[in-house]
Amino acid sequence: MTSVREWIYSGRHAVSERWHHAPRWMRWAVIAAVIVFFYALPNREFYQWLGPIPTTGSNFGQVLFTISIYVLLAVGLNIVVGFAGLLDLGYFGFFAVGAYTVAVLTSPSSDLKTLWPWLLALPVALVLTMISGVMLGTPTLRLRGDYLAIVTLGFAEMIRVAATSSEFLKGQRGFNQIPHPPGSYADGKPIFGVLDPRPYYWLVLTLIILVVIGVRNLNRSRVGRAWISIREDEDAAQLMGVPTFKFKLWAFASGAFIGGLAGALFAGKQNFVSSQNLELLNSIIILAAVILGGSGNIVGAIVGGGLVAYMIERFRGIELLGIQLYEYRFMFFGLVLVVMMIFRPQGLIPNRRRAAEFKDRRKEVIVGG
Amino acid sequence: MTTLLEIEDVSLLYGRIKALHGISITVNEGEIVALIGANGAGKSTTMRAISGIRPVASGSIRFAGEDITKLRADLRVRRGLCQAPEGRGIFPGMTVLENLDMGAYTRRDRAEVAKDLARVLELFPRLQERRKQVGGTLSGGEQQMLAVGRALMSRPKLLLLDEPSMGLAPMLIQQIFSIITEINEQGTTILLVEQNAQQALARAHRAYVLETGRIVKEGTGAELLHDPSVKEAYLGVA
């Protein structure tokens, strides 16, 4: 087992070494190629040529949209869990706030009857999710570790229960006819229609790129340093003059903002939002994606979110010995997580610091025991 | 001599347990003041009260003429009060330089920070050697030096040191105490909590003896070093 582990470590080390020592233009070229690949991916002519990569039994463009939403959520949750080290088990609650705000303001089934266009509801949704993040964070971020996890878990459940049972939020009947994002082609047909999921995917992909650029800059600034110091040792951070509560709240609000964005995009694509969209499982899946990819690393979160959402969809339509594998998708998912936690607890693409923190903790266990 | 830190009748609770029973401590500018006592006497708790990590139940803390009893911990750092935390209080995933950089978190005067960095690396040549190494991989002594150096990076008026000699080999203890004296001679006031009473009293201008949350004795370092009861209780000689 040790040798396998070493092999994995050394392989990954070689790749990361080569990447960090590659000239700048080469890195940019690789990044550009990856981006072009993902923009081209939903085109049938392109993905059919890729062999077994596209999913079976479902519309690949639609699957890609779902995956992109998960990636966006993973990038957002990575700020909270990966950077600031706050265990948030109810991240999907912010997605819900975003989706429902759009639904309530735009749908004809809403009691408000405001019937706003999607684009007008979007900023309101983003502001409201941020406010909900601050409201949830203000009392709870004074708590640490386990307490925070339980309170956030409660928050997501509260939203789910409210959505299920409140008359205003329409329960399982939900909101329908939520308008799509604006825009039309030259011939007058809308870009964001019902039939073609690709424009939505491209929109989310573009937003992911923008969000990643923003998050990356934030993480390299004083704010990012403060987050890392809080994650590594909150007391020490405070003793160095870091206003820990303020920065934890910031991490929470930024994460909420991105979660709300994902929710609003989802509502604009799906046309329909109901309490059935709000399973607790979603929060767990996103958290698993962040940890699987490498908590604290933006690329890790993207890979984790993409991989998890893709794997779950990939099982659809595959039959083995008369069993529909899709039915057992979460069992495989759990299995993968267990194996990962044994061999690579720091995730697929870990953060350099994060890896050192893990080592430090392991050393501490040995010293203590 | 002007008073820099004045703690008056401070009590502190951990839940329902009273950890400090109205202690009063004064630190004058330019001094090294030591706080000695056995395990659980309340030394580290006193430190936490001063740095603001723990709220006090009653009493007042004045620093540089201002009441800071209710001030947030991070704002106390900005006023010039910085603590090197006990034991492994460094950031394990950051390199030595990144750790030191965190010490200067509250400062924006880059040129002066660079000067202080040079000074710290001069004080601790070991840190200079290991500057690119990740904090968690340092030895106990190196981590301790890093914690002291990092606190110095905030250019504090008052440096709080919590057990700087804990877990160190005798030679390293000597070394760290002579560095503490040097820091003091360069103009930083120091309040020091120690179990190693011998060293602490030898280096300190004044000292307090803490027993179960109360100050039971105070005097100059030399006085306490020769005090029979202190000798018996803390210095291991009858």
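Keep in mind it's a predicted model, so treat the numbers as computed, not measured.

Our focus in this paragraph is the overall build of chain B. If you tally the helices and strands in chain B, you get 10 helices and 10 strands. Scaling as 2.2 N^0.38, a compact globule of 238 residues should have a C-alpha radius of gyration of about 18 Å, and chain B matches this with 17 Å. Principal axes of the C-alpha set define a box for chain B whose edges measure 45 × 40 × 35 Å. Counting only residues that meet the buried cut, chain B has 46% of its 238 residues in that class. Within chain B, residue pairs in contact and separated by at least 24 positions form 65% of the contacts whose partners lie at least 6 positions apart.

Assigned secondary structure in chain A consists of 15 helices and two strands. Over its C-alpha atoms chain A spans a radius of gyration of 21 Å, differing by no more than 12% from the 21 Å that the globule rule assigns to 369 residues. Split into buried and exposed, the 369 residues of chain A put 47% on the buried side. Partitioning the contacts of chain A with sequence separation of at least 6, the portion at a separation of at least 24 is 75%.

The next subject is unusual backbone geometry. Phi angles above zero are rare outside glycine, and Gln177(A) is one such case at about 50°. Mapped onto the elements of the fold, Gln177(A) is located in the loop between helix H7 (146-165) and helix H8 (198-219).

On to the interface of chain A and chain B. Contacts between the two partners involve 18 residues from chain A, matched on the other side by 21 residues from chain B. Within the residue set of the side of chain A that touches chain B, elements represented by two or more residues are helix H9 (222-232), helix H10 (234-239) and helix H15 (352-368) of chain A. Among the elements that make up the side of chain A that touches chain B, the one with the highest residue count is H15(A) (six residues). Along the lines of polarity and charge, the residues of the side of chain A that touches chain B split into six nonpolar, three polar and nine charged.

Before going further, it helps to examine the pairing of strand E10 (residues 214-220) of chain B. Residue and element names in this part refer to chain B. As paired elements, strand E9 (residues 206-211) and E10 share six bridges and run antiparallel to each other. Counted as the bridge partner of Leu-210 is Ile-215 from E10. Hairpin connection between E9 and E10: a loop of two residues separates the two successive antiparallel strands, and Thr-212 in this loop has a positive phi of roughly 35°.

For the rest of this paragraph, the subject is the pairing of strand E2 (residues 17-28) of chain B. One face of the sheet, then the other: side chains in a regular strand alternate in exactly this way. Residues and elements named next belong to chain B. As paired strands, strand E1 (residues 3-14) and E2 are joined by eight bridges and run antiparallel to one another. By the bridge assignment, Tyr-14 is partnered in E2 with Ile-17. Linking E1 back to E2 in an antiparallel pair, the connection comprises two residues, with Gly-15 at a positive phi of about 65°.

This part is about the packing of helix H4 (residues 60-83) of chain A against helix H11 (residues 244-270) of chain A. Residue and element names in this part refer to chain A. Two elements in contact, H4 and H11, have axes whose closest approach is 8 Å; the angle formed by their N-to-C orientations is 170°. Taken as axis vectors, H4 and H11 run roughly antiparallel relative to one another. Contacts from Phe-65, Ile-69, Leu-72, Leu-73, Val-75, Gly-76, Leu-77, Ile-79, Val-80 and Phe-83 of H4 reach H11 at Ala-251, Phe-252, Ser-254, Gly-255, Ile-258, Gly-259, Leu-261, Ala-262, Leu-265, Phe-266 and Lys-269. Here the contact of H4 with H11 is built from residues that sort into 16 nonpolar, four polar and one charged.

When the parts of a complex come together, some accessible area is lost, and that lost area is often taken as the interface size. Residue and element names in this part refer to chain B. Assigned domains of chain B: these are domain 1 (1-80 + 156-238) and domain 2 (88-154). For domain 1 versus domain 2, the distance between C-alpha centres works out to 23 Å. Across the contact, 13 residues belong to domain 1 and 10 residues belong to domain 2. The element contributing the most residues to the side of domain 1 that touches domain 2 is helix H7 (residues 170-185), with five residues. Of the residues belonging to the side of domain 1 that touches domain 2, the class tally is 10 nonpolar, one polar and two charged.

All names here are of chain A. Its 27 residues place the ends of H11 39 Å apart at the C-alpha level, agreeing with the 39 Å of an ideal helix rising 1.5 Å per residue. Among the 27 residues of H11, 23 are classified as buried, and the element is accordingly described as predominantly covered. One or two steps after H11, the chain reaches Asn-271, where phi turns positive at roughly 80°.

Once that is clear, we can look at the sheet that holds E9(B). Paired through their backbone hydrogen bonds, the strands of a sheet run either parallel or antiparallel. Residues and elements named next belong to chain B. Taking strand neighbours across the sheet as the criterion, the six strands line up as E6-E7-E8-E3-E9-E10 in an open arrangement whose pairing is mixed. At either margin of the open sheet sits one strand with a lone partner, and together these are strand E6 (81-84) and E10. Geometrically, the sheet is characterised by an average inter-axis angle of 15° between neighbouring strands, direction not taken into account. Together, strand E3 (32-37), E6, strand E7 (158-162), strand E8 (189-194) and E9 form the strand contacts of helix H1 (residues 43-51), whose direction differs from that of E7 by roughly 150°. Strands E3, E7 and E8 of the sheet are contacted by H7, whose axis makes an angle of about 155° with E8.

As a further point, take the environment of Ala121(A). Residue and element names in this part refer to chain A. Inspection of the secondary structure assignment puts Ala-121 in helix H6 (residues 118-140). Separated by 17 residues in sequence, Ala-121 and Val-104 have C-alpha atoms that sit 9.1 Å apart. For Ala-121, the contacting residues outside a window of four places in its chain are Thr-101, Val-102, Leu-105, Thr-106 and Trp-116.

With 169 residues, the main nonpolar core has Leu72(A), Ala74(A), Val75(A), Val102(A), Ile286(A) and Leu192(B) as its most contacted residues. Looking at this core element by element, the count peaks at 17 residues for H4(A). Both of domain 1 (1-80 + 156-238) and domain 2 (88-154) of chain B provide at least three residues apiece to this core. Excluding its chain neighbours within four sequence positions, the residues that come into contact with Val75(A) are Ile208(A), Val211(A), Val212(A), Val215(A), Ile258(A), Ile298(A), Ala301(A) and Ile302(A).

A few words now on the confidence of the model for chain A. Chain-level statistics for chain A give a pLDDT mean of 85 and a share of 91% at 70 or above. Note on residues 365-369 of chain A: pLDDT under 50 across the span, and zero contacts to partners over four residues away in sequence or across chains.

With that settled, the discussion passes to the sheet that holds strand E5 (residues 66-67) of chain B. Residue and element names in this part refer to chain B. Taking strand neighbours across the sheet as the criterion, the four strands line up as E2-E1-E4-E5 in an open arrangement whose pairing is antiparallel. For this open sheet the edge positions go to E2 and E5, each flanked by a neighbour on one side alone. Here two bridges tie strand E4 (residues 58-63) to E5, and the two strands are oriented antiparallel to one another. Residue Arg-62 lies in a different strand from E5, and its bridge partner there is Asp-67.

Given a rise of 1.5 Å per residue, 22 residues ought to cover 32 Å, and the 31 Å separating the end C-alpha atoms of H8(A) matches this to within 8%. Where H8(A) is buried, its residues meet helix H2 (24-40), H4, H9, H11 and helix H13 (298-314) of chain A.

All names here are of chain A. It is at 10 Å that the axes of H9 and H11 come closest, and there the two elements cross at 105°. In terms of orientation, H9 and H11 fall into the roughly perpendicular class. Across the interface between the two elements, Val-223, Ala-226, Trp-227 and Ile-230 of H9 pack against Thr-244, Phe-247, Lys-248, Trp-250 and Ala-251 of H11. A breakdown of the residues in the contact of H9 with H11 according to their chemical character gives seven nonpolar, one polar and one charged.

Parameters and conventions
Residues numbered from 1 in each chain as written. Chains lettered and ligands numbered in written order. Predicted model: local features only at pLDDT ≥ 70, side-chain atom pairs only at ≥ 80, totals over all residues. Helix = DSSP H or I, 4+ residues; strand = E, 2+ residues; numbered from the N terminus. Rg over C-alpha atoms; globule rule 2.2 N^0.38 Å. Buried ≥ 20, exposed ≤ 12 C-beta atoms within 10 Å, placed from the backbone. Contact = placed C-beta atoms within 7 Å. Nonpolar A, V, L, I, M, F, W, Y, C, P; charged D, E, K, R; others polar. Pairing = 2+ DSSP bridges. Axes fitted to C-alpha atoms, helices over the stretch in contact; angles between N-to-C directions. Parallel < 35°, antiparallel > 145°, perpendicular 65-115°, else oblique. Domains from an automatic or database assignment. Expected span 1.5 Å × (residues − 1). Core = buried A, V, L, I, M, F, W, Y, C linked by C-beta atoms within 7 Å. pLDDT = per-residue confidence, 0-100.

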